[in-house]
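Chain residues, written in single-letter form:
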Amino acid sequence: MVHQGRNKCVKTSGVSEKQDRGHHKTTGSPFSLDLSPSRRTRISNPSLPCLLQHSRPPLPLALCHQPPPFTTDPARLPLLAEGIYTELALKTEQCFPENPGPAERREIARSCNCYMEALALVGAWYTARKSITVICDFYSLIRLHFIPRLVSRADLIKQYGRWAVVSGATDGIGRAYAEELASRGLSIILISRNQDKLQMVAKDIADTYKVETEVIVADFSNGREIYDPIREALKDKDIGILVNNVGVFYPYPQYFTQVSEDKLWDIINVNIAAASLMVHIVLPGMVERKKGAVVTISSGSCCKPTPQLAAYSASKAYLDHFSRALQYEYASKGIFVQSLIPFYVATNMTSPGSFLHKCPWLVPSPKVYAHHAVSTLGISKRTTGYWSHSIQFLFAQYMPEWLWVWGANVLNRSLRKEALSCKA
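Residues numbered from 1 in each chain as written. Predicted model: local features only at pLDDT ≥ 70, side-chain atom pairs only at ≥ 80, totals over all residues. Heavy atoms only, no water.

**Some words on the layout of surface pockets**
The calculated volume of the second largest pocket comes to roughly 430 Å³. Contributing elements (two or more residues each) for the lining of the second largest pocket: α5 (102–145), α11 (310–330), β7 (382–383) and α13 (387–398). The greatest single-element share of the lining of the second largest pocket, amounting to 5 residues, is contributed by α5. Partitioning the lining of the second largest pocket into residue classes produces 6 nonpolar, 8 polar and 4 charged. (1 Å grid on protein atoms, 1.4 Å probe; cavity = no way out; pocket = protein on both sides within 12 Å on 5 of 7 lines; lining within 4 Å. Points joined across faces, edges and corners; volume = space filled by probe spheres on them. Helix = DSSP H or I, 4+ residues; strand = E, 2+ residues; numbered from the N terminus. Nonpolar A, V, L, I, M, F, W, Y, C, P; charged D, E, K, R; others polar.)

See the structure below:
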């Protein structure tokens, strides 16, 4: 068999090109095949049925796009299929021989080199993109959590306004955030459901930081009826910062069907409705003054689906998306909206005997967390608020979902077992 280049098929076994193609026997179709026995047996290469096992260049398009021959006789269908196979096998043998010559080998090598170069470019682009992303994340970590500690603190009163409203302000992050704002000179309005604890915290903040404090007693789990008194109490106040911190958590990680209906309604009314309606009350005044800040405290469990915290993590995901959407809507009007995404903080939501309290660099106290979180106000619209939480957030972003789910199951099973053993 003699060949001239890759795509030229010339004489094969002394048979002319015209004879090799054969004359069409079926009239009325220009694509009919010669299905005679002599035609079907003229395959000189016995290894053709194994062609797909070898690394070959693809068939020419002309071989792949010819219309099939037409027949109406069912008895001829097996013969037709065998004829089609014979036709393709002969043409494949002619164009791609078992032992290609030097010219064919060079052409195949050039094609492979093109593919390798294309794959190398794709790999280089992906590596460069990921490297740039990691560098930007590292720079963001330094800019948010270390550089602000080296410069003078921002004047929050001048930047946003005189008063700060903090919901869920008697414990944990809410109280620590209110104290941190008071240390910067802002007057504080505390909202919670326990009047005695509110009065105690308000007096403590006023005596320690020499600022004005006010309290509003409201149980956000009661639904819509509580918001009219809040709206009336905040009227005519120069509200500069709103901190949506109020929230409810499971007693311990549980499967969804084990959570009571009352708890599910509390999650909806407190975690979702409270933040939405508080923003609806305060935001018009901020827009009128063309300055203000809204801080909504979400949770690290919103990063990915978190089993055994299904309803809680979903409510925190709502707060995250809600805050980010508000930032796009009102940034042009002078309003800064921040979504805070803390991971574990040593609050009442984690039992004091928990192993999480033994890792202060990983699970900071509310006071330490609030000090770092307030320093990011006005700088980052979406942040964890604490440097080690930012590292955890980066790992959560880049890890596959199955790994996150596996880790969440292991951690939450441990926390549930620990909580149940304490109750017993």
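**Quick word on the nonpolar core**
In terms of nonpolar packing, the biggest core is built from 35 residues, with F220, I230 and L234 touching the most fellow members. If you tally residues by element for this core, the top one is helix α10 (residues 261–289), at 9 residues. Ignoring anything within four residues of it in the chain, the contact list for I230 reads I191, I216, A218, F220, M278 and I281. Within the second largest apolar cluster, 31 residues are counted, among which are A164, L190, V211 and I241. (Core = buried A, V, L, I, M, F, W, Y, C linked by side-chain atoms within 4.5 Å. Buried < 20%, exposed > 50% of the residue type's maximum accessible area, 1.4 Å probe, protein only. Contact = heavy atoms within 4.5 Å.)

**A few points about the packing of α10 against α11**
Two elements in contact, α10 and α11, have axes whose closest approach is 9 Å; the angle formed by their N-to-C orientations is 15 degrees. In terms of orientation, α10 lies roughly parallel with respect to α11. As for the relative orientation of α10 and α11, their crossing is right-handed in sense. Contact residues: L264, I267, N271, I272, A275, S276, V279, L283 and V287 in α10; A311, Y312, S315, K316, Y318, L319, F322, L326 and Y330 in α11. In the contact of α10 with α11, the residues fall into 14 nonpolar, 3 polar and 1 charged. (Axes fitted to C-alpha atoms, helices over the stretch in contact; angles between N-to-C directions. Parallel < 35°, antiparallel > 145°, perpendicular 65-115°, else oblique. Left-handed = near helix turned anticlockwise from the far one by under 90°.)

**Looking at the environment of G168**
Position of G168 relative to the elements: it lies in the loop between β1 (163–167) and α7 (172–183). G168 gets classed as buried once you look at its relative accessible area, which sits at 16%. Apart from residues no more than four positions distant in its own chain, G168 is found in contact with G174, R175, I191, N245 and V246.

**Observations regarding the packing of α7 against helix α12 (residues 366–375)**
At a minimum axis separation of 8 Å, α7 and α12 run at an interaxial angle of 55 degrees. Classed by the angle they form, the pair α7 and α12 counts as oblique. Considering how the two elements wind past one another, α7 and α12 form a crossing that is right-handed. Together, G172, I173, A176, Y177, E179, E180 and L181 of α7 and P366, K367, Y369, A370, H371, A373 and V374 of α12 make up the contact between the two elements.

**Points about the confidence of the model for the protein**
Taken over all residues, the pLDDT of the protein has a mean of 79, while the share at 70 or more is 73%. Ranking the helices and strands of the protein by mean pLDDT puts strand β6 (residues 335–340) first, with 96, and helix α1 (residues 17–21) last, with 43. Confidence over residues 1–57 falls short of pLDDT 50; this stretch has 74 contacts with residues more than four positions distant or in other chains. This model gives residues 59–66 a pLDDT under 50, and the stretch forms 7 contacts once residues within four places in sequence are excluded. (pLDDT = per-residue confidence, 0-100.)

**A few points about the packing of aromatic side chains**
Summed over all chains, the structure comprises 5 aromatic pairs. Both rings, one in F249 and one in Y312, keep their centres 4.6 Å apart while their planes meet at 85 degrees; by these two values the pair is edge-to-face. One end of the pair, F249, is in the loop between β4 (239–244) and α10; the other, Y312, is in helix α11, with 63 residues separating them in the sequence. The class of F249 is buried, set by a relative accessible area of 16%. Judged by centre distance (5.7 Å) and plane angle (10 degrees), the ring pair of Y318 and F322 falls under stacked. Remark: F322 and Y318 occur in helix α11; sequence separation between them is 4 residues, near one turn of the helix. Looking at Y318, the relative accessible area reads 32%, which means it is partly exposed. (Phe/Tyr/Trp six-rings, centres within 6.5 Å; stacked < 30°, edge-to-face > 60°.)

**Notes on the sheet that holds β4**
Strand pairing in a sheet relies on backbone hydrogen bonds. The paired strands run either parallel or antiparallel. Spatially, 7 strands are ordered β3-β2-β1-β4-β5-β6-β7 in an open sheet, and the strand pairing comes out parallel. The open sheet terminates on both sides in strands that have one partner only, identified here as β3 (213–217) and β7. Sitting on the sheet, helix α8 (residues 195–209) is in contact with β2 (187–192) and β3, with an inclination near 170 degrees to β3. (Pairing = 2+ DSSP bridges.)

**Observations concerning the pattern of salt bridges**
Under the definition given, this model contains 13 salt bridges. Taking the shortest distance from any N to any O, the salt bridge between R184 and E180 comes out at 3.8 Å. On the basis of relative accessibility, which here comes to 10%, the residue E180 falls in the buried class. Ionic pairing is found between E214 and K237, a salt bridge with its closest N-O pair at 3.5 Å. You can see E214 sitting in strand β3 and its partner K237 sitting in the loop between α9 (227–234) and β4, a full 23 residues away along the chain. A cluster of three or more residues bridged by salt bridges with shared partners is formed by R153, E180 and R184. (Salt bridge = Lys/Arg side-chain N within 4 Å of Asp/Glu carboxyl O.)

**Re the pairing of β2**
Most of β2 is tucked away, with 6 of its 6 residues classed as buried. Side chains S187, I189 and I191 of β2 all project onto a buried face; the interleaved residues I188, L190 and S192 project onto the opposite face, where all are buried too. In this sheet, β2 lies alongside β1 in parallel orientation, the contact comprising 5 bridges. Across the sheet, W163 pairs through a bridge with S187, a residue of β2. In this fold, β1 hands off to α7, which returns the chain to β2; that crossover is right-handed. Bridging between β2 and β3 involves 5 bridges; their strand directions are parallel. (Right-handed = clockwise from strand over helix to strand, strands pointing away.)

**Points about α8**
Taking 1.5 Å of rise per residue, the 15 residues of α8 would be expected to cover 21 Å, and the 21 Å separating its terminal C-alpha atoms lies within 8% of that figure. Among the residues of α8, L198, V201, A202 and I205 are the ones counted as buried. Taken down its axis, α8 places every buried residue within 100 degrees of arc, on the same side. Structural note: α8 exposes D196 and K203 on the side pointing more than 90 degrees away from its buried face. N-capping of α8 is provided by N194, with a side-chain oxygen placed 3.2 Å from the backbone N of D196. (Expected span 1.5 Å × (residues − 1). Arc of directions from axis to C-beta. Polar contact = N/O pair within 3.5 Å; in protein donor to acceptor, adjacent residues only side chain to side chain.)

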